[in-house]
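Listed below are the residues making up each chain.
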Amino acid sequence: MNSKIIIAHRGASGYLPEHTMEAKAMAYAMKPDFIEQDLVLSKDDIPVVIHDIYLDDVTNVSSVYPNRKRKDGRYYVVDFTFDELLCLKVTERFNPKNGEQFYPNRFPKGKSNFKLHSFQQEIELIQGLNHSTGNTIGIYPEIKNPEFHHQNQKDISKIIVDILFEYGYRTKEDKCVLQCFDAKELERIRIELKCNLFLIQLIENEFDAQKLGYYARYADGVGPWYKQILDVKEKGKWKLTTLVNKAHEYGLKVHPYTLRADELNEFSSFEEMIELLFYEANIDGAFTDFPDKMVAFLKK
Ligand code: CA
């Protein structure tokens, strides 16, 4: 994996509700290198493509199954069978406390008709499109919260690694990158589950350079928050942290999350953000909600 890669974060999620088949098909047409899947198990052990272990910030679960919430007031994917989950409507992400849409300028909340789907169904969509178009777009699955799954007597990693093997994703040459925030679990995936795929260790908290050496023992790259790459802006110019260089010294690729054209923060344009991270900070790829814009810029 040598050239700079573009990962469609939750599909073309800047334009359609995240992780729907529609968002994935649209992302596919934008020709990123990879399309991302976040994975959580249903009660009957079907991996569902959804960002959180909860259902209530992207579906109408509270009106379809009002009595199925836990004591904390939340609805959990793991408490529903796959067939029950299929009765839900998926919508643009919102705050379940007040109903407010998270990104107000994105696809309108509650409109049209979107559904949940399984990991296998999404692999079949992408492999089917690869067959019919002749492209070779990859998958970039993330195992969500393995600790929570273990607490619910579920071995999500084993289930996912088996499915990947069955669909032909077996080595680092196959177009699949497997990611997880839980370092112990990702190491287990490499060693105990004998997974030979390209593995990305996601980094949640403060950057700790000490840990890179440990990650390099089992992972092929790291996925930091993009702000962990930026230090301070002085006289209009960014100073960078040592993260990318240090990771490269350990032979680790760096794929930061998440570049959004409608959440520029410290940048004046999306192009400026992409240019700085790809060409000054020298990242190897990035997650974006707007794969069309990143593809257009990097092609130039
Ligand atoms: Ca993810």
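Just so you know, these numbers come straight off a predicted model, no measurement behind them. (Residues numbered from 1 in each chain as written. Predicted model: local features only at pLDDT ≥ 70, side-chain atom pairs only at ≥ 80, totals over all residues. Heavy atoms only, no water.)

A. Here's a closer look at the overall build of the protein. Of the regular secondary structure elements, the protein holds 11 helices and 11 strands. In terms of overall size, the protein behaves like a compact globule, its C-alpha atoms giving a radius of gyration of 19 Å where 300 residues would be expected to give roughly 19 Å. The 300 residues of the protein split such that 53% are buried. Taking contacts inside the protein between residues at least 6 apart in sequence as the whole, the part at least 24 apart equals 66%. (Helix = DSSP H or I, 4+ residues; strand = E, 2+ residues; numbered from the N terminus. Rg over C-alpha atoms; globule rule 2.2 N^0.38 Å. Buried < 20%, exposed > 50% of the residue type's maximum accessible area, 1.4 Å probe, protein only. Contact = heavy atoms within 4.5 Å.)

B. Examining the environment of Pro 256 more closely. Inspection of the secondary structure puts Pro 256 in the loop between β10 (253–254) and α10 (270–280). The exposure class of Pro 256 is buried, given its relative accessible area of 0%. When the C-alpha positions of Pro 256 and Gly 11 are compared, they lie 16 Å apart, and in sequence the two are 245 residues distant. Beyond its immediate sequence surroundings of up to four residues, Pro 256 is in contact with Pro 224, Tyr 226, Ile 229, Ile 283, Gly 285, Ala 286 and Phe 287.

C. Just the layout of surface pockets, in detail. Its boundaries defined by the atoms lining it, the largest pocket holds a volume of some 570 Å³. Along the wall of the largest pocket there are 30 residues; nearest its centre are His 9, Arg 10, His 51, Thr 258 and Arg 260. Here the residues of the lining of the largest pocket are counted per class, giving 10 nonpolar, six polar and 14 charged. Within this model, the second largest pocket holds a volume of roughly 430 Å³. (1 Å grid on protein atoms, 1.4 Å probe; cavity = no way out; pocket = protein on both sides within 12 Å on 5 of 7 lines; lining within 4 Å. Points joined across faces, edges and corners; volume = space filled by probe spheres on them. Nonpolar A, V, L, I, M, F, W, Y, C, P; charged D, E, K, R; others polar.)

D. View of helix α1 (residues 21–29). Those residues of α1 lying buried are Ala 23, Lys 24, Ala 27 and Tyr 28. Axial view of α1: buried residues confined to an arc of 140°, hence all on one face. On its buried side, α1 packs onto β1 (5–8), β2 (34–41), β3 (47–49) and α4 (119–133). A positive backbone phi angle near 55° is found at Lys 31, which sits one or two residues after α1. (Arc of directions from axis to C-beta.)

E. Highlighting empty space enclosed by the protein. Scanning all chains against the criterion turns up one cavity of 30 Å³ or more. The computed volume of the largest cavity comes to approximately 50 Å³. Looking at the largest cavity, the residues that line it are Glu 18, His 19, Thr 20, Val 49, Ile 50, His 51, Val 58, Val 90, Lys 115 and Leu 116.

F. Geometry of the pattern of salt bridges. All chains considered together, the criterion is met by 25 salt bridges. For the salt bridge of Glu 84 with Arg 68, the shortest nitrogen-to-oxygen distance reads 3.0 Å. Taken together, the positions of Glu 84 in helix α3 (residues 82–85) and Arg 68 in the loop between α2 (61–64) and α3 put the pair 16 residues apart, joining distant regions of the chain. Exposure remark for Arg 68: the relative accessible area of 27% places this residue in the partly exposed category. Arg 260 is the partner of Asp 289 in a salt bridge, and the nearest nitrogen-oxygen pair spans 2.7 Å. Note that Asp 289 is positioned in the loop between β11 (285–288) and α11 (291–299) and Arg 260 in the loop between β10 and α10, a separation of 29 residues in sequence. A residue is classified by how much of its surface remains accessible, and Asp 289, at 2% relative accessible area, is buried. Judged by its relative accessible area of 13%, Arg 260 falls in the buried class. (Salt bridge = Lys/Arg side-chain N within 4 Å of Asp/Glu carboxyl O.)

G. Quick peek at unusual backbone geometry. With a phi close to 65°, Ser 112 is a non-glycine residue in the positive phi region. Along the chain, Ser 112 falls in the loop between α3 and α4. One non-glycine residue, Gln 153, lies in the positive phi region at around 60°. Assignment of secondary structure puts Gln 153 in the loop between α5 (146–151) and α6 (156–166).

H. A look at the pairing of strand β4 (residues 138–143). Most of β4 is tucked away, with six of its six residues classed as buried. Residue alternation in β4 divides its side chains into two sets, Gly 138, Tyr 140 and Glu 142 and Ile 139, Pro 141 and Ile 143, and both sets are buried. The pairing of β2 with β4 spans six bridges and is parallel. Residue pairing in the sheet places Gln 37 in a bridge with Pro 141 of β4. (Pairing = 2+ DSSP bridges.)

I. Seen up close, the environment of Asn 135. Here Asn 135 is to be found in the loop between α4 and β4. Placed 104 residues apart in sequence, Asn 135 and Lys 31 show a C-alpha to C-alpha distance of 8.3 Å. When neighbours within four sequence positions are excluded, Asn 135 is seen to be in contact with Tyr 28, Lys 31 and Asn 130. Here Thr 133 takes part through its side chain, which lies 3.1 Å from a polar atom of the side chain of Asn 135. (Polar contact = N/O pair within 3.5 Å; in protein donor to acceptor, adjacent residues only side chain to side chain.)

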